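# Understanding the architecture of this molecule
Here's the letter readout for the chains.
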Amino acid sequence: MLVAVRKLFSWNFQLVEDGTVVGDMEASLWRETADVDLDDGRYSFYRDQVVGGDYLMDHKGQTIARATKPKWWRSNLDVELFKRSVKLRKQSIFMRRFAVFEQGKRVGTITSGAFTGRAKIDLPPDWTLADRVFLFWLCSLMWRRQPDWMIQIN
């Protein structure tokens with residue numbers, strides 16, 4: 001299982017899989033952007049417009065994933081990854097938990113403890129690491145927007 005470990009006083013994460021560090025994510029404090037370093041190079045995650053717009057993942061100058069919010073007031077996202085289409089759905093307004101659906105079937109979850117600084121990215125291991133990290137980044141953006149009083153310990 002992939003785990004994202006939050007670095008102290010930031011929204012930056014170290015990515016660990018099976019006890020091995022597999023990457024780092026450096027997120028902007030001011031904008032919805034992040035740079036992710038993985039074994040196969042650097043990925044850029046960003047929103048294509050300052051207000052509204054899609055969320056994109058670029059690698060080596062090409063856009064390889066896109067996420068769209070069907071309704072601006074909800075945290076749900078429709079995501080086109082390299083080889084699959086998935087839906088990212090928030091499970092509760094009081095918990096930091098998203099479910100990932102592919103072809104109507106739940107295939108995984110992304111969960112963060114409110115005070116642990118860790119997130120569990122429980123997605124199929126045959127999915128690319130970049131795809132799993134992109135889905136996690138999208139969840140982390142939604143969690144950053146959520147007021148602290150709405151968070152329940154998982």
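The paragraphs below set out a description of the structure included in this document. Note that this is a predicted model, so its numbers are computed, not measured.

Further remarks concern the nonpolar core. Among the nonpolar cores identified, the biggest contains 41 residues, and Ile110, Phe134, Leu135 and Leu138 are the most heavily contacted of them. With twelve residues, helix H1 (residues 129-145) is the single largest residue contributor to this core. Apart from residues lying up to four places away in sequence, Leu138 is in contact with Tyr55, Ala67, Leu77, Val79 and Leu88.

Below, the discussion takes up the pattern of salt bridges. Taken as a whole, this structure holds ten salt bridges when the rule is applied. Of the charged contacts, one joins Lys87 and Asp78 as a salt bridge, the two residues approaching to 3.2 Å between their closest N and O atoms. The exposure class assigned to Lys87 is partly exposed, which follows from its relative accessible area of 39%. The partly exposed category is assigned to Asp78, whose relative accessible area is 25%. For Asp78, the salt bridge goes to Arg89, with nearest N and O atoms at 2.9 Å. Linking Asp78 in strand E8 (residues 77-80) with Arg89 in strand E9 (residues 85-90), this pair joins segments that are eleven residues apart in sequence. One connected set of salt bridges, linked through shared partners, spans Asp35, Asp37 and Arg42.

Further remarks concern the packing of aromatic side chains. Each pair of aromatic rings is reported with the distance of its centres and the angle of its planes. If you walk through the whole model with that rule in mind, you get eight aromatic pairs. Ring centres 5.4 Å apart and planes at 45 degrees place the aromatic pair Phe45 and Trp137 in the tilted group. Placement of the pair is Phe45 in strand E5 (residues 41-47) and Trp137 in helix H1, with a sequence separation of 92 residues. Comparing Phe45 with Trp137 shows no difference in burial state: the two are buried. Look at Tyr55 and Trp137: their rings are 6.1 Å apart centre to centre, the planes differ by 75 degrees, and that puts the pair in the edge-to-face class. Of this pair, Tyr55 sits in strand E6 (residues 55-59) while Trp137 sits in helix H1; the two residues are 82 residues apart in sequence, bridging distant segments of the chain. Of the two residues examined, Tyr55 and Trp137, each falls in the buried class. Members of the aromatic cluster, each reached through a chain of ring pairs, are Trp11, Phe13, Phe98, Phe136 and Trp143.

What counts and how
Residues numbered from 1 in each chain as written. Predicted model: local features only at pLDDT ≥ 70, side-chain atom pairs only at ≥ 80, totals over all residues. Heavy atoms only, no water. Core = buried A, V, L, I, M, F, W, Y, C linked by side-chain atoms within 4.5 Å. Buried < 20%, exposed > 50% of the residue type's maximum accessible area, 1.4 Å probe, protein only. Helix = DSSP H or I, 4+ residues; strand = E, 2+ residues; numbered from the N terminus. Contact = heavy atoms within 4.5 Å. Salt bridge = Lys/Arg side-chain N within 4 Å of Asp/Glu carboxyl O. Phe/Tyr/Trp six-rings, centres within 6.5 Å; stacked < 30°, edge-to-face > 60°.

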